Amino acid sequence: MILVHKFDRFPRNREDSIVYKSMLRNKCHVDVVSISEPLIEGPFGGLIERIIEWMDEFYSIRLSGDVTRGMTENALRGAYQCRPPLGYRIPYHKATPEIIPEEAEIVRKIFDLYVQGNGVRKIKRYLEEHGIKTVTGKREWSTSTIDRMLSNEKYIGQVLMQKSYTPDFLTGKQVKNDGQLDMYLVDNAHEAIIDRETFDQVQEMKGHIKDTVQIQQLL
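These numbers come from a predicted model, not from an experiment.

1. Looking at the overall build of the protein
- For the protein, the helix and strand inventory stands at 6 helices and 9 strands.
- Long-range contacts, defined here as pairs at least 24 residues apart, represent 63% of the contacts in the protein between residues at least 6 apart.
- Surface accessibility of the protein: about 14000 Å² in total, with carbon and sulfur atoms responsible for 52%.

2. A look at the pattern of salt bridges
- What the rule picks out here adds up to 6 salt bridges.
- Asp 31 is paired through a salt bridge with Arg 25; the nearest N and O atoms lie 3.4 Å apart.
- Residue Asp 147 is joined to Lys 206 by a salt bridge in which the shortest nitrogen-to-oxygen separation is 2.4 Å. Residue Asp 147 is found in helix α5 (residues 143-149), and its partner Lys 206 is found in helix α6 (residues 196-206); the two are separated by 59 residues along the sequence.

3. Structural notes on the side chain of Glu 37
- Summarising the element assignment, Glu 37 is placed in the loop between β2 (32-34) and α2 (43-77).
- For Glu 37, which is buried and forms no salt bridge, the nearest opposite charge comes from Lys 6, at a distance of 4.5 Å.
- Here Glu 37 is in contact with Lys 6, Phe 7 and Ile 52, once residues within four sequence places are set aside.

4. Focus: helix α4 (residues 120-129)
- Every buried residue of α4 is listed here: Ile 123, Lys 124 and Leu 127. An end-on view of α4 places all buried positions within 105° of arc, on one side of the element. In this structure, α4 carries Arg 121 and Glu 129 as exposed residues pointing more than 90 degrees from its buried face.
- Looking at the buried residues of α4, the elements they touch are α3 (101-115) and α5.
- Just past α4, the residue Gly 131 takes up positive phi, approximately 70°.

5. Some points on the packing of α3 against α4
- With their axes 10 Å apart at the nearest point, α3 and α4 run at an angle of 140° to one another. Relative to α4, α3 is oriented oblique. For the pair α3 and α4, the crossing hand works out as right-handed. Contact residues: α3 offers Ile 106, Lys 109, Ile 110, Leu 113 and Tyr 114, while α4 offers Val 120, Ile 123, Tyr 126 and Leu 127.
- Partitioned by chemical class, the residues of the contact of α3 with α4 number 8 nonpolar, no polar and 1 charged.

6. Some details on the confidence of the model for the protein
- Across the protein, the average pLDDT comes to 78, with 73% of residues at or above 70.
- The secondary-structure element of the protein with the lowest mean pLDDT is strand β9 (residues 213-214), recorded at 40, while α3 shows the highest, at 96.
- In the model, residues 163-181 has pLDDT below 50 throughout and makes 29 contacts with residues more than four positions away in sequence or in other chains.
- With pLDDT under 50 throughout, residues 209-219 is counted as low confidence; its partners more than four residues away or in other chains account for 23 contacts.

7. Notes on α3
- With 15 residues, α3 should reach 21 Å at 1.5 Å per residue; the first-to-last C-alpha distance of 21 Å fits that figure.
- Of all the residues in α3, the buried ones are Ala 104, Ile 106, Val 107, Ile 110, Phe 111, Leu 113 and Tyr 114.
- Each element contacted by the buried residues of α3 is listed here: β4 (98-99), α4, α5 and α6.
- Remark: Gly 117 follows α3 within two positions and exhibits a positive phi of approximately 105°.

8. Side note on the nonpolar core
- Residues Ile 110 and Tyr 155 are the most contacted members of the largest nonpolar core, which totals 23 residues.
- For this core, the elements supplying multiple residues, two or more each, are α3, α4, α5 and α6.
- With 7 residues, the top contributor of residues to this core is α3.
- Within the second largest apolar cluster, 7 residues are counted, among which are Phe 7, Phe 10, Tyr 20 and Leu 24.

What counts and how
- Residues numbered from 1 in each chain as written.
- Predicted model: local features only at pLDDT ≥ 70, side-chain atom pairs only at ≥ 80, totals over all residues.
- Heavy atoms only, no water.
- Helix = DSSP H or I, 4+ residues; strand = E, 2+ residues; numbered from the N terminus.
- Contact = heavy atoms within 4.5 Å.
- Areas by Shrake-Rupley, 256 points an atom, 1.4 Å probe, with all protein chains shown as cover.
- Salt bridge = Lys/Arg side-chain N within 4 Å of Asp/Glu carboxyl O.
- Buried < 20%, exposed > 50% of the residue type's maximum accessible area, 1.4 Å probe, protein only.
- Lys, Arg positive; Asp, Glu negative; His and termini not counted.
- Arc of directions from axis to C-beta.
- Axes fitted to C-alpha atoms, helices over the stretch in contact; angles between N-to-C directions.
- Parallel < 35°, antiparallel > 145°, perpendicular 65-115°, else oblique.
- Left-handed = near helix turned anticlockwise from the far one by under 90°.
- Nonpolar A, V, L, I, M, F, W, Y, C, P; charged D, E, K, R; others polar.
- pLDDT = per-residue confidence, 0-100.
- Expected span 1.5 Å × (residues − 1).
- Core = buried A, V, L, I, M, F, W, Y, C linked by side-chain atoms within 4.5 Å.

See the structure below:
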């Protein structure tokens, strides 16, 4: 048997739960047993299990909606959904990010070096030779970190929120709903470190200008 604390630790999607429990029972002779939700033997126990699955799925749908609404409200306020990048700090919970002057100079230097024709590897060497640390305090920089910084819209005061990703039960990976990814962009969400002209110049040099959709009032 497979032991779970609650049935919702298996899938919260009712259809997935039915399919995979059936496969386990019929093909592998394995039962899924909830420690905190014991079931009685017989058809009545099966009915209770289905009711629990319906309740778990309903809770998951409600929770997903609440989380999405909260993330959207944060984006509209210019708040971050994660740790701010090098150059910014959040002074208190749900506050608008503010600039850290000494870190902002590092960000500007990285953009300036790139505009001058230096690739990310040369920029990496420059930062390490001058003892400049990453946002996590490391002395060694990765080229991927620098590359992401050069395309980070937060440095021009924008916040980008991506939606329509859900976890795939079998792979555990995030997949797109209906093959689409919604992108909501908020302008002037906080003070910019890089001016728009420099940022656009860097994106043109990098060759991957992002297509975005201006955010609309969703609530």
